[in-house]
Amino acid sequence: MAMNLPSGRRDRRAPMADINVTPLVDVMLVLLIIFMVTAPLLTAGVPVDLPDARAKPLDQDQQPVALSLDRQGKLFLGEDEIAEAALPGRLEAIVAKARGSQPPQVLLRADRALDYGRVMRVMGELNRAGLNRVALVSVEQ
């Protein structure tokens, strides 16, 4: 900052020729923060009304296999209840059916009240059969 030195007259002050930059810096920092916060929202939040098309849906190679464990510990492969002893044979049949390609993905649904060890035994059987693409399904909150 420059100092105002007294001139020969005491009743007049010399004009100050410096620019106060502090308010400009404050405004620029606030604008920078606003742009940093709003920029990601602008790219993801654009509503688009897509046109109708008569194209067929894409063919999927394989449907995922749904494996469920209910509150009592019963196993369901798809909608069918199976015994725990029959699980390895059914999983090997699924892998054998997809020999030429990659084995299907498994969607594992387990009740929250189940013992952790019970779920891990089922995941171990999936791993032993060669079904390594396992997705644990949960409810979105």
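**Student:** Which residues make up the side chain of glutamate 125, and what are the values?
**Tutor:** Along the chain, glutamate 125 falls in helix H3 (residues 116-129). Given the relative accessible area of 19%, glutamate 125 is considered buried. Within the structure, the side chain of glutamate 125 is placed 2.9 Å from the side chain of arginine 128, a separation counted as a polar contact. Beyond its immediate stretch of four places on either side in the chain, glutamate 125 contacts Leu87, Pro88 and Leu91.

**Student:** Mind laying out helix H2 (residues 87-97), listing which residues take part and the relevant values?
**Tutor:** Structural remark: α-helix, 3.6 residues per turn; residues separated by three or four positions point the same way. Turning to H2, its buried residues are Leu87, Leu91, Ile94 and Val95. End-on, the buried residues of H2 take up no more than an arc of 95°, which puts them together on one face. What points out from H2, more than 90 degrees from its buried face, is the exposed set Glu92 and Lys97. Of the surrounding elements, those touching the buried residues of H2 are strand E1 (65-69), strand E2 (75-77), strand E3 (80-82) and H3.

**Student:** Please provide a residue-by-residue account of the sheet that holds strand E4 (residues 106-110), values included.
**Tutor:** With mixed pairing, the five strands of this open sheet are ordered in space as E3-E2-E1-E4-E5. Since the sheet does not close on itself, it has two edges, and those belong to E3 and strand E5 (134-136), each with one partner. For this sheet, the mean inter-axis angle between neighbouring strands, taken without regard to orientation, is 25°.

**Student:** Account for the pairing of E4, with residues named and values stated.
**Tutor:** Inspection of the sheet shows E1 paired to E4 by five bridges, in the parallel sense. Note on E4: the bridge partner recorded for valine 65 is valine 106. Summarising the sheet, E4 and E5 pair through three bridges and their orientation is parallel. Residue pairing across strands places leucine 108 opposite leucine 136, the latter belonging to E5. The β-α-β motif built from E4, the intervening H3 and the parallel element E5 has right-handed crossover chirality.

**Student:** Can you tell me about the pattern of salt bridges, naming the residues and giving the values?
**Tutor:** All told, the structure shown has three salt bridges when counted by the stated rule. For the salt bridge of glutamate 84 with arginine 118, the shortest nitrogen-to-oxygen distance reads 3.0 Å. With glutamate 84 in the loop between E3 and H2 and arginine 118 in helix H3, the pair connects residues that are 34 residues apart, well separated along the chain. Looking at glutamate 84, the relative accessible area reads 41%, which means it is partly exposed. Taking the relative accessible area as the measure of exposure, arginine 118 reaches 12% and is therefore buried. Of the charged contacts, one joins arginine 128 and glutamate 125 as a salt bridge, the two residues approaching to 2.9 Å between their closest N and O atoms. One end of the pair is arginine 128 and the other is glutamate 125, both in helix H3 and three residues apart, which spans about a single turn.

Scoring rules and cut-offs
Residues numbered from 1 in each chain as written. Predicted model: local features only at pLDDT ≥ 70, side-chain atom pairs only at ≥ 80, totals over all residues. Heavy atoms only, no water. Helix = DSSP H or I, 4+ residues; strand = E, 2+ residues; numbered from the N terminus. Buried < 20%, exposed > 50% of the residue type's maximum accessible area, 1.4 Å probe, protein only. Polar contact = N/O pair within 3.5 Å; in protein donor to acceptor, adjacent residues only side chain to side chain. Contact = heavy atoms within 4.5 Å. Arc of directions from axis to C-beta. Pairing = 2+ DSSP bridges. Axes fitted to C-alpha atoms, helices over the stretch in contact; angles between N-to-C directions. Right-handed = clockwise from strand over helix to strand, strands pointing away. Salt bridge = Lys/Arg side-chain N within 4 Å of Asp/Glu carboxyl O.

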